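The residues making up each chain are set out below.
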Amino acid sequence: MPSKIQLKDLFLGLQNQMTAQLSTNRQFILHPGSKGDSLEDTWIEWLRKYLPNRYCIDKAIVIDSTGTLSDQIDLVIYDQQYTPFVLTQNGIHYIPAEGVYAVFEVKPDLKGSVEVNGESITYIEYAGRKIESVRKLKRTTTSIIDRGKKYPPRPLTKILGGILASTNTIVRKSTLEAHLKNLKGSKGIDMGCAVDNGAFFIDYQGEEDEQIADYIERICHYYNLRSVNAIEFSKPDVSLVSFFFQLLRYLQQSIGTVAAIDLGEYSQAIEFEIDKEL
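Let's talk about the overall build of the protein chain
Reasoning step 1: Each helix and strand counted, the protein chain has seven helices and 13 strands in total.
Reasoning step 2: Taken against the 2.2 N^0.38 rule, which gives 19 Å for 278 residues, the C-alpha radius of gyration of the protein chain at 20 Å falls within 12% of a compact globule.
Reasoning step 3: With the C-alpha coordinates aligned to their principal axes, the bounding extent of the protein chain is approximately 65 × 55 × 40 Å.
Reasoning step 4: Long-range contacts, defined here as pairs at least 24 residues apart, represent 72% of the contacts in the protein chain between residues at least 6 apart.
Reasoning step 5: Just so you have it, the protein chain exposes about 15,200 Å², and 50% of that area is on carbon and sulfur atoms.
Reasoning step 6: Across the protein chain, the 31 positively charged side chains and the 36 negatively charged ones have centroids separated by 6 Å.

Side note on the sheet that holds strand β1 (residues 55-63)
Reasoning step 1: The nine strands are arranged β3-β4-β1-β2-β5-β10-β11-β12-β13 in an open sheet whose pairing can be described as mixed. Each edge of the sheet is formed by a strand with only one pairing partner; in this case those strands are β3 (87-89) and β13 (227-233). For this sheet, the mean angle separating the axes of adjacent strands, direction not counted, is 35°.
Reasoning step 2: As defined by bridge partners, strand β5 (residues 100-109) adjoins strand β10 (residues 160-167) across seven bridges and the pair is classed as parallel. In the sheet register, Val106 faces β10, and the bridge partner there is Leu164.
Reasoning step 3: Each of β1, β2 (69-79), β5, β10, β11 (191-194) and β12 (198-205) touches helix α6 (residues 239-255); the most contacted strand, β11, lies at about 160° to it.

Looking at the side chain of Glu105
Reasoning step 1: Among the structural elements, Glu105 can be located in strand β5.
Reasoning step 2: You can call Glu105 buried: its relative accessible area is 3%.
Reasoning step 3: For Glu105, the side chain forms a polar contact with the side chain of Lys107, separated by 3.4 Å.

Structural notes on the pairing of strand β7 (residues 119-122)
Reasoning step 1: Of the strand pairs in this sheet, strand β6 (residues 113-116) and β7 are connected by four bridges, and their pairing is antiparallel. Within β7, the position partnered with Val114 by the bridge is Ile121.
Reasoning step 2: In textbook terms, the turn of a hairpin is the stretch between consecutive antiparallel strands, and for β6 and β7 this stretch comprises two residues, one of which, Asn117, has a positive phi near 55°.

Reading guide: rules and limits
- Residues numbered from 1 in each chain as written.
- Predicted model: local features only at pLDDT ≥ 70, side-chain atom pairs only at ≥ 80, totals over all residues.
- Heavy atoms only, no water.
- Helix = DSSP H or I, 4+ residues; strand = E, 2+ residues; numbered from the N terminus.
- Rg over C-alpha atoms; globule rule 2.2 N^0.38 Å.
- Contact = heavy atoms within 4.5 Å.
- Areas by Shrake-Rupley, 256 points an atom, 1.4 Å probe, with all protein chains shown as cover.
- Lys, Arg positive; Asp, Glu negative; His and termini not counted.
- Charge placed at Lys NZ, Arg CZ, Asp CG, Glu CD.
- Pairing = 2+ DSSP bridges.
- Axes fitted to C-alpha atoms, helices over the stretch in contact; angles between N-to-C directions.
- Buried < 20%, exposed > 50% of the residue type's maximum accessible area, 1.4 Å probe, protein only.
- Polar contact = N/O pair within 3.5 Å; in protein donor to acceptor, adjacent residues only side chain to side chain.

Keep in mind these numbers describe shape, not what the thing actually does.
Pasting the structure below:
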C-alpha cells in the first residue's frame, strides 16, 4: 500500500515556525520602529518563501502615470513578469499601480489606534485608508500580443487589501466585524490574519458592471457599490495555513494576471512619444 502523511501535521509545523518567529520579534525587539520593521520583514520573507516565483513581495510606495503616490505600504504583492520597471531611490521601492495584486498593512495587534492629522483612528480604519490610497491611483491597460495574436486591452483587476497581525486582543468578534463592515468603498478590507487568533476573509455581494466601458470607472463603481455579505473566520490553530490558502485562491483564480501597462502614458513624464508600431 502507498505510504501516506498527514497534511494537517505538515501545515501545523509551518504554523508553529511562523508563530515562533513572530513571537520572538514581539518579545525581544523593544524599539517600536524596529519592532514594526521586523514584523513587516517577517511577513515579507514568509510570503516570498511560499508564494510562486511570479509574485514579488516588498514594502513600497505605489505610483501611477500621473506621478501620484500612495501612502507607504507595509507589504505589496506585485507582478514580476509583466511589470517592466520598479524604481528604487534611497532604499524605497516605487511600484507602478498596474503591477499590484495586493496590499497589506502590518500591525502587532488588530486592536489599537494611531494618530492621523490630529485624529485618532483604529488600526482597521488606518489599514483601510492605506488600501484606498492604492486603489484610487490611475491604472492603464493596453493591448498585448500572445502567440502571434493581438488581444485588446483587458479590464483592470481587483486589488486585494488586508491587514496582518501577530495577535488580536479585540475581545468580541462582533466588535471586529463592526470595524470591518464600517469600511466603505475603496477602503474595504478583503482578508486578514492574526496569527494566534485566526484568519478571516470578507464575502462581498456585488459584481462589476460590464456595461461600463471605461475600465477605471468600472472598477471604482464596483468598490463603491459592493456590500458585506458575511465574514468568515478560521480556527486559531490553522490561522496561517487558512490565510495562505485563501490568498493563493484569490491571486490565482480570482485575479489571474494583471493587465498590460501602457508605457506611452508613463513616457509622457520624459516628453518622449513611444512608437507603437514596428
